[in-house]
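Listed here are the chains, written in short residue letters.
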Amino acid sequence: MKRYINLTAVLFYFFPVWCMAQAVDFSEKDSVSVTEKFLMQTDTFRVDSLVNEKQPAASEKFKPNSKKATIFAAICPGLGQIYNRKYWKLPLVYGSFIGCIYAISWNGNQYHDYRKAYVDFIDDNPETNSWEDYLYGAYGREDVNNWSADMIRNFGTALKSARDYHRRNLELSYIVTVGIYALWIIDAYVDAQLFDFDISPDLSMRVEPVLFDRTASNARSVGMQLSFAF
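Residues numbered from 1 in each chain as written. Predicted model: local features only at pLDDT ≥ 70, side-chain atom pairs only at ≥ 80, totals over all residues. Heavy atoms only, no water.

Peer 1: Can you lay out the overall build of the chain for me, pointing to particular residues and giving the numbers?
Peer 2: Tallying secondary structure elements over the chain gives 5 helices and 2 strands in all. Counting helices and strands in the order they occur from the N terminus, the chain gives α-α-α-α-α-β-β. Taken over 230 residues, the chain has a buried fraction of 21%. Of all intrachain contacts in the chain linking residues separated by at least 6 positions in sequence, the fraction that spans at least 24 positions is 52%. Looking at the chain as shown, the accessible area adds up to about 18200 Å², and 62% of this sits on carbon and sulfur atoms. (Helix = DSSP H or I, 4+ residues; strand = E, 2+ residues; numbered from the N terminus. Buried < 20%, exposed > 50% of the residue type's maximum accessible area, 1.4 Å probe, protein only. Contact = heavy atoms within 4.5 Å. Areas by Shrake-Rupley, 256 points an atom, 1.4 Å probe, with all protein chains shown as cover.)

Here it is, written out as structure tokens:
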């Protein structure tokens, strides 16, 4: 009986100690776990920060440089509009230049033909007869030898007038081409300058009464005030 009593006393003595040891181990494990979690979270935060720093920043909104746009437009027609991302203007650019090139080509050919015909007509050489291609109406081929002096003079004047007319149009075509070229350069520059200009249709007009204070020269009066917001 005493043996059982002693065994029970030993158990009651060591059981609290064992429980305390287990509690201490548990708390130590918990403390280590909390510390490890804190370090892991800290390291994760640092890693995320480094990753975010290494990642490239989001691309900013495109804003063309007006100087570059002008240079590109001067180098090649339409290149400034492409740089400004105004692709819808390309048909207008190249259409205008195609029209100018056609006008230069057509007036140039007509000028050279009439010039040659006029020179051939006044040189009195029977072998140079390109002017006969311009005979019409009363100036028939069969009646060339029967022309009067007035008819000869009038026909020569007509050839000269046609030559001068097409030469003037040829020169005008060159001037228009240069003007269109400069116009598209200016357009590229202005587009680049006003690329981010607010052109929203948020316009408003407000009409309201207003009271004008009395001054030394005017009495107090009432009027209307018109204001625009854009």
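Here the narrative resumes.
Peer 1: Which residues make up the pattern of salt bridges, and what values go with them?
Peer 2: Within the structure shown, the criterion is met by 7 salt bridges. One salt bridge connects Asp187 with Lys89, and the closest N-O pair in it is separated by 2.9 Å. Of the two residues, Asp187 is situated in helix 5 (residues 149-193) and Lys89 in the loop between helix 3 (79-83) and helix 4 (90-122); the sequence distance between them amounts to 98 residues. Considered together, Asp187 and Lys89 belong to a single accessibility category, that of buried residues. (Salt bridge = Lys/Arg side-chain N within 4 Å of Asp/Glu carboxyl O.)

Peer 1: Quick one: what's the story with the packing of helix 4 against helix 5, residue by residue and with numbers?
Peer 2: The contact between helix 4 and helix 5 brings their axes to 8 Å, and the two run at 155°. It follows from the interaxial angle that helix 4 and helix 5 lie roughly antiparallel. Regarding helix 4 and helix 5, the two cross each other, and that crossing is left-handed. (Axes fitted to C-alpha atoms, helices over the stretch in contact; angles between N-to-C directions. Parallel < 35°, antiparallel > 145°, perpendicular 65-115°, else oblique. Left-handed = near helix turned anticlockwise from the far one by under 90°.)

Peer 1: Tell me what's going on with the packing of aromatic side chains, and back it up with residues and numbers.
Peer 2: Under the criterion given, the structure shown has 4 aromatic pairs. Where Phe62 meets Tyr83, the ring centres are 6.2 Å apart and the plane angle is 75°; that geometry is what we call edge-to-face. In this pair, Phe62 is assigned in the loop between helix 1 (2-54) and helix 2 (66-75) and Tyr83 in helix 3, connecting sequence segments 21 residues apart. An aromatic cluster of three or more residues is present, and its members are Phe62, Phe72 and Tyr83. In this structure, Arg85 is placed above the aromatic ring of Phe62, and the distance from its NZ or CZ to the ring centre is 3.8 Å. (Phe/Tyr/Trp six-rings, centres within 6.5 Å; stacked < 30°, edge-to-face > 60°. Lys NZ or Arg CZ within 6 Å of the ring centre and 35° of its normal.)

Peer 1: Describe helix 4, and please don't skip the residues or the numbers.
Peer 2: Two residues of an α-helix separated by three or four positions point the same way, owing to the 3.6 residues in each turn. Compared with an ideal rise of 1.5 Å per residue, which puts 33 residues at 48 Å, helix 4 spans 48 Å between its outermost C-alpha atoms and is within 8% of the ideal. At the C-terminal side of helix 4, Asp124 shows a positive phi close to 60°. (Expected span 1.5 Å × (residues − 1).)

Peer 1: Would you mind going over the environment of Leu90 in detail, with residue names and values included?
Peer 2: Mapping Leu90 onto the fold places it in helix 4. The exposure class of Leu90 is buried, given its relative accessible area of 17%. Along the backbone, Leu90 and Gly78 are 12 residues apart, and their C-alpha atoms lie at a distance of 6.0 Å. Leaving out residues up to four positions away in the same chain, Leu90 has contacts with Gly78, Gln81 and Ile82.

Peer 1: Account for the packing of helix 2 against helix 5, with residues named and values stated.
Peer 2: Interhelical geometry of helix 2 versus helix 5 gives an angle of 160° and a closest axis separation of 8 Å. The pairing of helix 2 with helix 5 is recorded here as roughly antiparallel in orientation. Here the hand of the crossing between helix 2 and helix 5 comes out right-handed. For the pair formed by helix 2 and helix 5, the contact residues are Ser66, Ala69, Thr70, Ala73, Ala74 and Ile75 on the first element and Tyr181, Trp184, Ile185, Ala188, Tyr189, Ala192 and Gln193 on the second. Taken together, the residues of the contact of helix 2 with helix 5 sort by class into 10 nonpolar, 3 polar and no charged. (Nonpolar A, V, L, I, M, F, W, Y, C, P; charged D, E, K, R; others polar.)

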